[in-house]
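# Notes for the structure review
Listed below are the residues making up each chain.
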Amino acid sequence: MDINEGKPEIHAGLEGIYFTESSVCKVDGQQGRLYYRGYPIETLANSSNFTEVAYLLLYGKLPTGQELDAFDAQMREERSLPGEVIAEIGRTAARAHPMDTMRTAISMLSAYDAEAYNDSPDANMRKSIRLISKSASIAATIGRYRSGKLYVAPDASLSHAENFLYMLSGEKPDKVDARILDVMFTVHAEHSSNASTFGVLVAGSTLADLYSSVTAGMAVLKGPLHGGADEAALRMMREIGSADNTERYIDDALAGKKKIMGFGHRVYKTYDPRARIVRSYLESLLSSPYEEQRNLAQIALSAEKLMIDRLGKAKGIWPNIDFFAGPVYVSLGIPAEVFTPIFAAARMAGWCAHMLEYWKSNKLLRPLEYYSGQLDLDYVPVEKR
Ligand code: SDX
């Protein structure tokens, strides 16, 4: 019998498969458009801020002034971390990859949350706010400890992005830098059923609690094919070294069938609209007083041009959100290993919004696999094998 007889169509990587319905986010891969709860990402990046966007994602509408003030106050209050979590970050920050330290810290938070296992919608909303706020404090603290410096407690007088930079550097940040970081948080906050959000939903669909579900998302986001690409793209730019070395480096990499980090996307088959927003900061870096920042911007822009020429039109491989993020973060004084933790801290909003939505009509996520092995084999005792 032909073993492929009756074989169903296999959708590798679940490519093109719809598994649920959602009103959180629309990604239009052909047109290169992105909407959070119906608002274009360009509008939110220009006119809103991460705290308001987190509210929008969680509640499904823009807040009134009073609602925003109350939500902002909750976010500021929730920045503090349990002492044991700070100590654990201190123990592993220099040894483990920052995403592993962050995954552990996020998971540990549940031990210090009296309502960790309260799965009521109100408790899950409060936990979402706690997680969104605390994950930024965790990411900043990891960066702080990895640079050999002591923990800096959060400052409730600062905005979300200002406080992140303060907890990372120990200094009150420049308003322009904080605004740029806030936009980075906004454009990383949500992106429909990407791998890490799917991981969160797989965990939560078993009715595991919210902390367990986002811990699964942390593990998934780390990979270089997903959230880890921002750090990998910057490392590539540093390896390229100078703009005039870009063509040779890229062509050698492509000839060797290597993937260029920060390019390509499962859904976008044109320019990632978030990449355009992040790219807009690079023009100013070209005239930075710091040579490394000028150099990185030049390399990024020459690599972009080359990749679009080589693979953009031909194979639909265009810059994605991760490509230009590195040079921007470097200009904010953020080390490469903290890039993906920032991505995680921002995406915590999207993970929680999707999880709370999915639980409203929960269904265990359990796809099929096509079995292509043998059946009914005879068991031969080990002495006769
Ligand atoms: C994010 O899903 C989301 O929404 C994710 C995200 C979010 O906000 O959550 O947008 C964030 O993860 C962005 C993507 C970050 N990852 C990278 O930049 C890593 C590099 N990119 C690739 O690994 C790849 O493009 C993926 C993983 C992003 C998408 O891969 P797919 O859809 O599984 O497609 P594929 O790997 O099968 O590639 C199809 C073809 C292959 O060539 P052939 O074997 O058909 O000849 O395109 C080639 C690939 O080799 N290709 C690339 C490439 N990406 C795809 N070739 C060179 N460089 C690349 N970057």
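Right, let's walk through the structure included here. What you see is a predicted model, and the numbers here were worked out from it, not measured in a lab. (Residues numbered from 1 in each chain as written. Predicted model: local features only at pLDDT ≥ 70, side-chain atom pairs only at ≥ 80, totals over all residues. Heavy atoms only, no water.)

## Focus: the environment of I299
- Note on placement: I299 falls in helix α15 (residues 291-315).
- Not counting the four nearest positions on each side in its chain, I299 is found in contact with M237, I240, G241, S242, A243 and T246. (Helix = DSSP H or I, 4+ residues; strand = E, 2+ residues; numbered from the N terminus. Contact = heavy atoms within 4.5 Å.)

## Concerning the site of the ligand
- Surrounding the ligand, one finds 24 residues, the nearest of these being H191, K259, H265, R274 and R347.
- For the ligand, an oxygen atom lies 2.6 Å from a polar atom in the side chain of H191.
- The side chain of K259 places a nitrogen or oxygen atom 2.5 Å from an oxygen atom of the ligand.
- For the ligand, the accessible surface in isolation is 1100 Å², of which the surrounding protein chains cover 74%.
- Within the residue set of the shell around the ligand, elements represented by two or more residues are α15 and α17 (339-359).
- Split by residue class, the shell around the ligand holds ten nonpolar, seven polar and seven charged. (Near = heavy atom within 4 Å. Polar contact = N/O pair within 3.5 Å; in protein donor to acceptor, adjacent residues only side chain to side chain. Areas by Shrake-Rupley, 256 points an atom, 1.4 Å probe, with all protein chains shown as cover. Nonpolar A, V, L, I, M, F, W, Y, C, P; charged D, E, K, R; others polar.)

## Side note on the packing of aromatic side chains
- The final tally for this structure, using the stated rule, is ten aromatic pairs.
- Judged by centre distance (5.2 Å) and plane angle (40°), the ring pair of F50 and F185 falls under tilted. Taken together, the residues F50 in helix α2 (residues 50-59) and F185 in helix α8 (residues 175-188) connect sequence positions 135 residues apart.
- Look at Y59 and F71: their rings are 6.3 Å apart centre to centre, the planes differ by 85°, and that puts the pair in the edge-to-face class. Remark: F71 occurs in helix α3 (residues 65-77) and Y59 occurs in helix α2; sequence separation between them is twelve residues. (Phe/Tyr/Trp six-rings, centres within 6.5 Å; stacked < 30°, edge-to-face > 60°.)

## Brief notes about the packing of helix α6 (residues 121-146) against helix α7 (residues 160-169)
- Running from N to C, α6 and α7 cross one another at 25°; their axes reach a closest spacing of 7 Å. Put simply, α6 runs roughly parallel to α7. Judged by the sense of rotation from one axis to the other, the crossing of α6 with α7 is right-handed. Of α7, the residues touching α6 (which contributes I132, S133, A136, S137, A139, A140, T141, G143 and R144) are H160, N163, F164, M167, L168 and S169.
- A class-by-class count of the residues in the contact of α6 with α7 yields seven nonpolar, seven polar and one charged. (Axes fitted to C-alpha atoms, helices over the stretch in contact; angles between N-to-C directions. Parallel < 35°, antiparallel > 145°, perpendicular 65-115°, else oblique. Left-handed = near helix turned anticlockwise from the far one by under 90°.)

## Side note on unusual backbone geometry
- Not every positive phi belongs to a glycine, and L14 is a case in point at roughly 55°.
- In this structure, L14 sits in the segment before β1 (25-28).
- In this model, R37 sits at a positive phi of 50°, which is unusual for a non-glycine residue.
- Accessibility expressed as a relative area gives 18% for R37, which makes it buried. (Buried < 20%, exposed > 50% of the residue type's maximum accessible area, 1.4 Å probe, protein only.)

Geometry only, nothing functional implied.
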